[in-house]
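Working through the structure, step by step
In case you want the letters, here they are:
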Amino acid sequence: MVVGMHRSGTSLVSRLLDQSGILMGKDLQSDHESRFFIGLNQWIYENAGADWARPGAVSELVDFEPAREKVEQYLRTRVSSRASRKFSGHSLRNGLFDLDCPWGWKDPRNGPALPFWQSIWPNMRIIHVMRHGVDVAASLHARSNRHWSDDISRFEKWLPMYRWKSSRSPIRRGQRAATLSHALEFWAEQMNIEQTVLEGREDVLVVRYEDLLTDTEITLRQILDYISVPADSNLLSNLEGMVEPSRAYAFRDDENLVAFAERNSETLEMFGYGN
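So, here's what we can say about the structure. Values in this document were obtained by computation on a predicted structure and should not be read as measured data.

1. Here we look at the sheet that holds strand S2 (residues 126-130)
Across the sheet, which stays open at both edges, the three strands sit in the order S1-S2-S3 with parallel pairing between neighbours. Looking at which strands have only one partner, the edges of the open sheet turn out to be strand S1 (2-4) and strand S3 (204-208). Strand-to-strand twist across the sheet, computed as the mean angle between neighbouring axes with direction ignored, equals 25°. In terms of strand pairing, S2 meets S3 through five bridges, oriented parallel. Across the sheet, Met130 pairs through a bridge with Arg208, a residue of S3.

And the structure:
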């Protein structure tokens, strides 16, 4: 399983794993996330009253044992059913429990939802991807601005109709990354959740996105060793070609983001990042 905050480099890590022979799903979206597992994680979030940008409520579901047991029961039923062929590409009697190849999946909801998945696969290997909070916040904020343009255009198109009927949906559901500060708060919240659910596990490989981009060969060898794949020269060369070093610490090229990092140094240092 790949655990990591949105916009933290988990898509790149998932693609690297795929190229290394790990099945990451036959039903992948453009961000290299399995639609099958997205649906299951979204169902977990719905039972918690959580949202992709507000994951904290998942812990309430974890703590309420009667509901937690039923959620785990549902997940076991789905992953052992023939519906799992969407992920595996195979119709297996016991679903993913009969899958005879190395496999995994990536979804930013994996961290908060990890207690449920650990109940099913307690010995699964976990790669925890981390990225500098200002780069994550800047990426989330930029995406939020792009989406807002579409959302407000749609709202203005329908505005005249609201003289006769009420809107059935909000302009946009949530504004978590609408400002850079709120986007950084989101990063810190999920990072704290991920560290909490992973606390005490000694078999987790932590991959800093910046190390992957700047110390590429060393980090790739660590990943390959962790997943028990031989690091032959052809594979390493292929994987290195997928990495774009210029994306490391991208915020340093923007003086406004550098100043933002300085103002939020205390938050960043909580998770091992300086300015």
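2. Focus on the side chain of Thr10
Here Thr10 is to be found in helix H1 (residues 10-19). For Thr10, a relative accessible area of 4% puts it in the buried group. Beyond its immediate sequence surroundings of up to four residues, Thr10 is in contact with Val2, Val3, Gly4, Met5, Lys106 and Val129.

3. A look at the nonpolar core
Burial of nonpolar side chains together is a common tendency in soluble globular proteins. Counting 33 residues, the largest nonpolar core has Phe37, Ile44 and Trp117 as its most contacted members. Counting only elements with at least two residues in this core, the list comes to helix H2 (35-48), helix H3 (58-63), helix H4 (65-79), helix H6 (110-120) and helix H8 (180-198). With six residues, H2 is the largest single contributor of residues to this core. Excluding residues that lie within four positions of it along the chain, Ile44 makes contacts with Val58, Leu61, Val71, Leu75, Ala113, Phe116 and Trp117. Leu205, Leu212, Leu220 and Ile223 belong to the second largest nonpolar core, which has 25 residues in total.

What counts and what doesn't
- Residues numbered from 1 in each chain as written.
- Predicted model: local features only at pLDDT ≥ 70, side-chain atom pairs only at ≥ 80, totals over all residues.
- Heavy atoms only, no water.
- Pairing = 2+ DSSP bridges.
- Helix = DSSP H or I, 4+ residues; strand = E, 2+ residues; numbered from the N terminus.
- Axes fitted to C-alpha atoms, helices over the stretch in contact; angles between N-to-C directions.
- Buried < 20%, exposed > 50% of the residue type's maximum accessible area, 1.4 Å probe, protein only.
- Contact = heavy atoms within 4.5 Å.
- Core = buried A, V, L, I, M, F, W, Y, C linked by side-chain atoms within 4.5 Å.

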